[in-house]
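Next come the chains, spelled out residue by residue.
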Amino acid sequence: MSVQKTLKDVIKEEYKKCLVDPMYFMKKYVKIQHQTRGIIPFELYPFQEETLEDFIDHDRNIVLKSRQMGISTLVSAYGLWTMIFNPGKNVLILSTVQNTSKEIVSKIRLANNNLPSWLKVPTVEDNRLSLKFKNESRVLAASSAADSARGFSAYLLVMDECAFIENAEEVWTSAQQTMATGGRAILLSTPNGVGNFFHQMWQKGEANESEFIAVFVPWYWQEEYVLPLPEGFLMTIEEERLSEQYNLSPEQIMWRRNKIVEFSVNGADGERSFMQEY
């Protein structure tokens, strides 16, 4: 004869599943703000799942990404998981300006507020740049100024749009001093030319010459980046080359072409801008 589980038993089992598996936690319970659909469940794309696995398996990750790939949202959900299931562990978000880094704090706040009551952690401090839970975990958004996080001990350090941070090497060196023993770091950015700190660190990670794992998230992994083909659509020689090299569909090529046109305003080099952003 089977024993019927009580609600308390079910909640206990679910909590354990979330504790040991960040991906289960995100897929089952995390909600995000969608641009057009409002607050929706966080349905991870395959590339987001692979990136999350890198976050879980490695202490140091450097992510070269295209715009609007949901990586900041993924980092936010991972930060929330860290705070809930690791009492007293802090998350530090650094970016060029506070307004950029506070977006991750906002996403963490929204996701926590929309968790079921048995999973949601009460907050004891809540403002634009910081969120502190009753379990003593905290997330802080700060600018990349060298002393902006002085005295803050971080378990998870995130440098957002790292390629655009001036004196990023100095900021990284200083930020490491805030990291607790056994802490983790995620450097993420869209590209910003060559030779800067982020680019150098990315190259070293890609060549297995540093402690960082290089994670590449290109635009064509995003399933939504497609457009219907107009009548008589033909690819240019360059588009045919890209299609063959990266296995791009005609609909993806059309999306790319349209974006380049959007970027080509007031005499701007649309193709160069596309490469910069995507």
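Residues numbered from 1 in each chain as written. Predicted model: local features only at pLDDT ≥ 70, side-chain atom pairs only at ≥ 80, totals over all residues. Heavy atoms only, no water.

**A short note on the side chain of Glu-161**
The condition is simple: Strands are runs of DSSP state E lasting at least 2 residues, helices are runs of H or I lasting at least 4, and numbering of each runs from the N terminus. Relative accessibility thresholds used throughout: buried, under 20% of the residue-type maximum; exposed, over 50%; partly exposed, between the two (1.4 Å probe, protein chains only). Neither His nor the chain ends is counted toward charge; the positive residues are Lys and Arg and the negative residues Asp and Glu. By salt bridge we mean one thing: a side-chain nitrogen of Lys or Arg within 4 Å of a carboxyl oxygen of Asp or Glu. Throughout this description, a polar contact denotes any pair of N or O atoms lying within 3.5 Å of each other; where both atoms belong to protein, one of them has to be capable of donating a hydrogen while the other can accept it, and for residues adjacent in sequence the pair is counted only when both atoms sit in side chains. Between two residues, a contact is recorded if the distance between any of their heavy atoms is within 4.5 Å.
For Glu-161, the position within the fold is in the loop between strand E8 (154-160) and helix H6 (168-176). No salt bridge is formed by the buried Glu-161. Its closest oppositely charged neighbour is Lys-65, at 4.4 Å. A distance of 3.0 Å separates polar atoms of two side chains, one belonging to Glu-161 and the other to Ser-189. For Glu-161, the side chain forms a polar contact with the side chain of Thr-190, separated by 3.0 Å. Beyond its immediate sequence surroundings of up to four residues, Glu-161 is in contact with Lys-65, Ser-95, Thr-96, Leu-188, Ser-189 and Thr-190.

**Section: helix H3 (residues 46-57)**
The test is simple: By this rule the span expected of a helix is its residue count minus one, scaled by 1.5 Å. The arc in question is the one spanned by the directions pointing from the helix axis to the C-beta atoms.
With 12 residues, H3 extends 17 Å between its outermost C-alpha atoms, agreeing within 8% with the 16 Å of an ideal straight helix rising 1.5 Å per residue. Within H3, burial applies to Phe-47, Gln-48, Thr-51, Leu-52 and Phe-55. Down the axis, H3 shows its buried residues gathered within 140° of arc, on one side only.

**Brief notes about a nonpolar patch on the surface**
Going by this rule: Within the patch definition used here, like charges are joined within 9 Å and nonpolar side chains (Val, Leu, Ile, Met, Phe, Trp, Tyr) within 5 Å, considering only residues with over 30% relative accessible area and no salt bridge. Accessible surface area values rest on a Shrake-Rupley calculation with a 1.4 Å probe, where residue burial reflects the displayed protein chains alone.
Side chains of Tyr-15, Leu-19 and Val-20 sit close together on the surface and give an oily, nonpolar patch of about 270 Å² of accessible area. Inspection of the secondary structure assignment puts Tyr-15 in helix H1 (residues 7-20).

**Quick notes on the packing of aromatic side chains**
Inclusion rule: What counts as a ring pair is set by centres within 6.5 Å for rings of Phe, Tyr and Trp (its six-membered ring), and what kind of pair is set by the plane angle: stacked under 30 degrees, edge-to-face over 60, tilted for all other angles. In our convention, an over-ring charge means Lys NZ or Arg CZ found within 6 Å of a ring centre and within 35 degrees of that ring's normal.
This model, assessed by the stated rule, comprises 16 aromatic pairs. Pairing Trp-255 with Phe-274 gives two aromatic rings, centres 6.1 Å apart and planes at 65°, and the pair type is edge-to-face. Here Trp-255 is found in helix H9 (residues 250-263), whereas its partner Phe-274 is found in helix H10 (residues 270-277), with 19 residues between them in sequence. Ring pairs connect the aromatic residues Tyr-15, Phe-25, Phe-55, Tyr-78, Trp-81 and Phe-85, which therefore count as one cluster. Sitting over the face of the ring of Tyr-155, Lys-89 holds its NZ or CZ atom 4.1 Å from the ring centroid.

**Some details on the confidence of the model for the protein chain**
Note: predicted coordinates in regions of low pLDDT should not be interpreted at a detailed level. Short version of the rule: Every residue gets a pLDDT, meaning the predictor's confidence in that residue, from 0 to 100.
Confidence along the protein chain averages 88 in pLDDT terms, with 95% of residues attaining 70 or more. Confidence scores differ between elements of the protein chain, with H10 showing the lowest mean pLDDT of 79 and helix H2 (residues 22-29) the highest of 96.

**Regarding the environment of Thr-178**
Tracing the chain through its elements places Thr-178 in the loop between H6 and strand E9 (179-189). Under the relative-accessibility criterion, Thr-178 is labelled buried at 13%. Along the sequence, Thr-178 and Leu-242 sit 64 residues apart, while their C-alpha atoms lie 43 Å from each other.

**Notes on the pairing of strand E3 (residues 60-65)**
Cut-off, in case you're wondering: A pair of strands is treated as paired once DSSP finds two or more bridges between them.
Judged by how many residues are buried, E3 sits mostly within the fold: 6 of 6 residues are covered. Side chains Arg-60, Ile-62 and Leu-64 project from E3 onto one buried face, and the interleaved Asn-61, Val-63 and Lys-65 project onto a second face that is buried too. Here E3 runs beside strand E10 (residues 213-217); their pairing, made up of 5 bridges, is parallel. In the strand pairing of E10, Leu-64 is matched with Phe-216.

**Let's talk about unusual backbone geometry**
Glycine aside, residues mostly have negative phi, and peptide bonds are mostly found in the trans state. Of note in the backbone geometry, Glu-161 takes a positive phi value of approximately 50° without being a glycine. The residue Asn-208 is not glycine, and still its phi comes out positive at about 60°. With respect to the helices and strands, the residue Asn-208 is situated in the loop between helix H7 (197-206) and E10. On the basis of relative accessible area, Asn-208 is assigned to the exposed category, the value being 67%.

**Examining the nonpolar core**
Quick reminder of the rule: In these notes, a set of buried Ala, Val, Leu, Ile, Met, Phe, Trp, Tyr and Cys residues joined through side-chain atoms within 4.5 Å is what counts as a nonpolar core.
Membership of the largest hydrophobic core comes to 59 residues, with the highest contact counts inside it found for Phe-25 and Met-26. It is helix H4 (residues 71-85) that contributes the most residues to this core, 10 residues altogether. Membership of the second largest hydrophobic core comes to 25 residues, among which are Ile-62, Ile-165, Phe-198 and Met-201.

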